[in-house]
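# Examination of the molecular architecture
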Amino acid sequence: MNVEHNRRILLVDDMPAIHEDFRKILLMPAACGLDQMEAALFGSSAEQPAPSTLPGFMLDSAYQGQEAVAMVCASLEAKLPYAMAFVDMRMPPGWDGVETIERIWQKDPELQVVICTAYADHSWAEVLQRLAARDRLLVLKKPFDPIEVSQLASTLTAKWDTTRQAVSQLHRLEEAVLERTAEIIEANRLLQQEMAERKHLQSQLVQSEKLASIGQLAAGVAHEINNPIGFVLSNFGALERYVNSLFEMLAAYEAAEKGMGASDATAALEGLRDRLELQYLKEDMPVLMRESKEGIARVCRIVRDLKDFSHVDWPQEWVWADLHHGIDSTLNVAASEIRGRAQIDKAYGSLPEIECLPAQLNQVVLNLLTNALHAMESRCGKIIIRTGAADGWVWFEVEDEGTGIAPDIVNRIFDPFFTTKPIGQGTGLGLSLSYGIVQKHRGRIEVRSALGQGSIFRVVLPVRPSSVQTQAVSAGP
Ligand SMILES: Nc1ncnc2c1ncn2[C@@H]1O[C@H](COP(=O)(O)OP(=O)(O)OP(=O)(O)O)[C@@H](O)[C@H]1O
Ligand SMILES: [Mg+2]
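Notes on the structure follow. Here the structure is a predicted model, which means the values were calculated and not measured.

Scoring rules and cut-offs
Residues numbered from 1 in each chain as written. Chains lettered and ligands numbered in written order. Predicted model: local features only at pLDDT ≥ 70, side-chain atom pairs only at ≥ 80, totals over all residues. Heavy atoms only, no water. Helix = DSSP H or I, 4+ residues; strand = E, 2+ residues; numbered from the N terminus. Buried < 20%, exposed > 50% of the residue type's maximum accessible area, 1.4 Å probe, protein only. Pairing = 2+ DSSP bridges. Patch = residues over 30% accessible without salt bridge, like charges linked within 9 Å, V, L, I, M, F, W, Y side chains within 5 Å. Areas by Shrake-Rupley, 256 points an atom, 1.4 Å probe, with all protein chains shown as cover. Salt bridge = Lys/Arg side-chain N within 4 Å of Asp/Glu carboxyl O. Near = heavy atom within 4 Å. Polar contact = N/O pair within 3.5 Å; in protein donor to acceptor, adjacent residues only side chain to side chain. Nonpolar A, V, L, I, M, F, W, Y, C, P; charged D, E, K, R; others polar. Axes fitted to C-alpha atoms, helices over the stretch in contact; angles between N-to-C directions. Parallel < 35°, antiparallel > 145°, perpendicular 65-115°, else oblique. Left-handed = near helix turned anticlockwise from the far one by under 90°. Contact = heavy atoms within 4.5 Å. Arc of directions from axis to C-beta. Phe/Tyr/Trp six-rings, centres within 6.5 Å; stacked < 30°, edge-to-face > 60°. Lys NZ or Arg CZ within 6 Å of the ring centre and 35° of its normal. Core = buried A, V, L, I, M, F, W, Y, C linked by side-chain atoms within 4.5 Å.

Attention shifts here to unusual backbone geometry. Cis geometry marks the peptide bond from Pro 92 to Pro 93; its omega dihedral reads 10 degrees. Examined against the element boundaries, Pro 93 turns out to sit in the loop between β3 (84-88) and α4 (97-107). Residue Pro 143 follows Lys 142 across a cis peptide bond; omega there is -5 degrees. Of note, Pro 143 is situated in the loop between β5 (137-141) and α6 (146-258). Its identity as a non-glycine residue notwithstanding, Lys 79 has a phi of 55 degrees, on the positive side. Examined against the element boundaries, Lys 79 turns out to sit in the loop between α3 (65-77) and β3. The phi dihedral of Glu 277 is positive, around 50 degrees, even though this residue is not glycine. Among the structural elements, Glu 277 can be located in the loop between α7 (264-276) and α8 (278-309).

What follows concerns the pairing of strand β12 (residues 454-462). Across the nine residues that make up β12, a large majority, eight, are buried. Summarising the sheet, strand β10 (residues 393-400) and β12 pair through eight bridges and their orientation is antiparallel. The residue bridging Trp 393 from the neighbouring strand is Pro 462, located in β12. The sheet contact formed by strand β11 (residues 444-450) and β12 spans seven bridges and is antiparallel. In the strand pairing of β12, Arg 444 is matched with Val 460. Between the antiparallel neighbours β11 and β12 lie three residues, among them Gly 452 with a positive phi of about 85 degrees.

Before going further, it helps to examine a nonpolar patch on the surface. Residues Leu 217, Val 221, Ile 225 and Val 299 make up a contiguous nonpolar surface patch of about 270 Å² in total accessible area. Among the elements that take part in the nonpolar patch, α6 stands out by supplying three residues, more than any other. The topology assignment puts Val 299 in helix α8.

This part covers the pattern of salt bridges. Counting across every chain of the model gives 22 salt bridges. For Glu 186, the salt bridge is made with Arg 189, and the minimal N-O distance between the two is 2.8 Å. With Glu 186 and Arg 189 both in helix α6, this residue pair falls three residues apart, about one helical turn. What makes Glu 186 partly exposed here is its relative accessible area of 34%. What makes Arg 189 partly exposed here is its relative accessible area of 43%. Linked by salt bridges that have partners in common, Arg 386, Glu 397, Glu 399, Arg 448 and Arg 458 make up one network.

Surrounding ligand 1, one finds 19 residues, the nearest of these being Thr 419, Thr 420, Lys 421, Thr 427 and Leu 431. The side chain of Asp 400 places a nitrogen or oxygen atom 2.8 Å from a nitrogen atom of ligand 1. A distance of 2.8 Å separates an oxygen atom of ligand 1 from a polar backbone atom of Leu 431. Isolated, ligand 1 exposes 590 Å² of accessible area, and the fraction of that covered by the protein chains is 91%. Listing elements by their share of the shell around ligand 1, those giving two or more residues are α11 (358-375), α12 (430-440) and β12. In terms of residue class, the shell around ligand 1 is built from seven nonpolar, ten polar and two charged.

This part covers the packing of α3 against α4. Between α3 and α4, whose axes approach to 9 Å, the crossing angle comes to 15 degrees. The pairing of α3 with α4 is recorded here as roughly parallel in orientation. Crossing handedness for the pair α3 and α4: right-handed. Together, Gly 65, Ala 68, Val 69, Val 72, Cys 73 and Leu 76 of α3 and Thr 100, Arg 103, Ile 104 and Lys 107 of α4 make up the contact between the two elements. Along the lines of polarity and charge, the residues of the contact of α3 with α4 split into six nonpolar, two polar and two charged.

Further remarks concern α4. Taken residue by residue, α4 has Gly 97, Val 98, Thr 100, Ile 101, Ile 104 and Trp 105 as its buried positions. Seen from one end, α4 has its buried residues packed into an arc of 160 degrees, which puts them on one side. Where α4 is buried, its residues meet β1 (8-12), α3, β3, β4 (112-117), α5 (124-130) and β5. Capping of α4 at its N-terminal end is provided by Asp 96; its side-chain oxygen lies 3.3 Å from the backbone amide nitrogen of Val 98.

Enumeration over the complete set of coordinates arrives at three aromatic pairs. For the ring pair Phe 22 and Phe 86, a centre distance of 4.8 Å and an interplane angle of 65 degrees mean the geometry is edge-to-face. With Phe 22 in helix α1 (residues 16-26) and Phe 86 in strand β3, this residue pair connects regions lying 64 residues apart in the sequence. Through a chain of ring-to-ring contacts, the aromatic side chains of Phe 22, Phe 86 and Phe 144 assemble into a single cluster. In this structure, Arg 7 is placed above the aromatic ring of Phe 57, and the distance from its NZ or CZ to the ring centre is 4.0 Å.

Let us look at the nonpolar core. Core analysis: the largest hydrophobic core is formed by 40 residues, its most contacted members being Ile 383, Phe 396, Ile 413 and Phe 457. Contributing elements (two or more residues each) for this core: α9 (323-333), β8 (354-356), α11, β9 (381-390), β10, α12, β11 and β12. By residue number, the principal contributor to this core is α11, which donates seven residues. Discounting residues that sit within four places of it in the chain, Ile 383 has contacts with Ala 342, Gln 343, Ile 344, Asp 345, Leu 369, Ala 372, Leu 373, Met 376, Val 398, Glu 399 and Asp 400. Listed in part, the 24 residues of the second largest apolar core include Val 69, Ala 85, Trp 95 and Ile 101.

Along the chain, Gln 66 falls in helix α3. Using a relative accessible area of 40% as the deciding quantity, one classes Gln 66 as partly exposed. Between the C-alpha atom of Gln 66 and that of Gly 94, which follows or precedes it by 28 residues, the distance is 7.6 Å. Excluding anything up to four places from it in sequence, Gln 66 contacts Gly 94 and Trp 95.

This is the structure we're talking about:
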């Protein structure tokens, strides 16, 4: 079927003579104009033919309503529907025109229909009440003019074409809208996903930028302090030796003084000894020396932490190592700290060796362990160390029954120098140092904590760091 120009017409009339007339009117060669048509019908002279670009009409005949419905069904099945039908009003003995049209429209609601009738056939009100689809119905009153028939056929077949085009365009439009909507939904989903990833990356970036700048600062500070503290420490060693020598000399003098007997000189020495509180000096000096030494050692430790934090001095040698080995040796190192303060439970899974910087990972374990001990304050609670592995990754976690971490600070605990501990007890570098180490291993640290109940710090590491992108910190409730 040519969808753009459907010129198929069905004529339903019980009178064979009417079919003859329609045939003459509608099946004239396409090039013929109305005047030629009139001449063919009524024998008058013809004018020049008018050119036409449309194909000619095809006319099928039905003589009863039932036959018409059957032909309409067949045309639909063959996918060659009629564009329009002329239907006579009276067709004894079968259905009248109105019933025929009703039934035809049940099968083919798109069909344009012209009902042909004499004036007195029916009440129009009744006809129109029965045939609701008035936008597809025209009335042709008998006796009809050939021009009316021809024009109705031309106009209504063209109307069928445009209606069909409009419907298919509407379908195409609906499909396009559905397609576009699906695209927009997908684009929106991707956008949301990208925004979430960006947010995540941004927080990672902020964290690593913070660490990078604090790392540079730390490296600078460590370098500046390292030299003076180095010579203070070595001078202090010499000073300690000199003081011991002086004490030794003093003891010799005191012994010699006893053999000198009473004299002005011994009385003067006695007076000086009392004024200088020599005895107290002798007792207090070692204490002062010891405390100063501890102070210097602490400064050295802080400098070392700062250097560790900025990775200035650490060897960058990657080796395959057993994480359990590292955890156990760290527990040994911290044994005296742990004793009496916590009970350690180990729940080790089976782990493959991983490619890592073992000394640095030990540092992470130590930091988490120390934090867990501190979190338990004076209670002697339980610390559980678990390990496990899956799909190219290994993990270990340190769980404590301590104070837990308040939700409003959980995002800050990895910040360098963030500490809730009293001055002198925490530098706030433990976790940021650990973060840097884990990041270097392309792993991540996860935190879960419930205030008043305890915390779990989980470190997840790739078996082979070179095979993964950098991971992030994530904090949970
Ligand atoms: N297991 C934990 N339980 C409760 N709070 C914790 C725990 N681990 C860390 N925190 C909190 O995070 C803060 C930062 O920890 P971090 O280890 O970086 O520094 P610090 O322990 O305070 O000092 P440092 O480790 O340098 O001696 C701690 O002060 C504490 O408030
Ligand atoms: Mg700490």
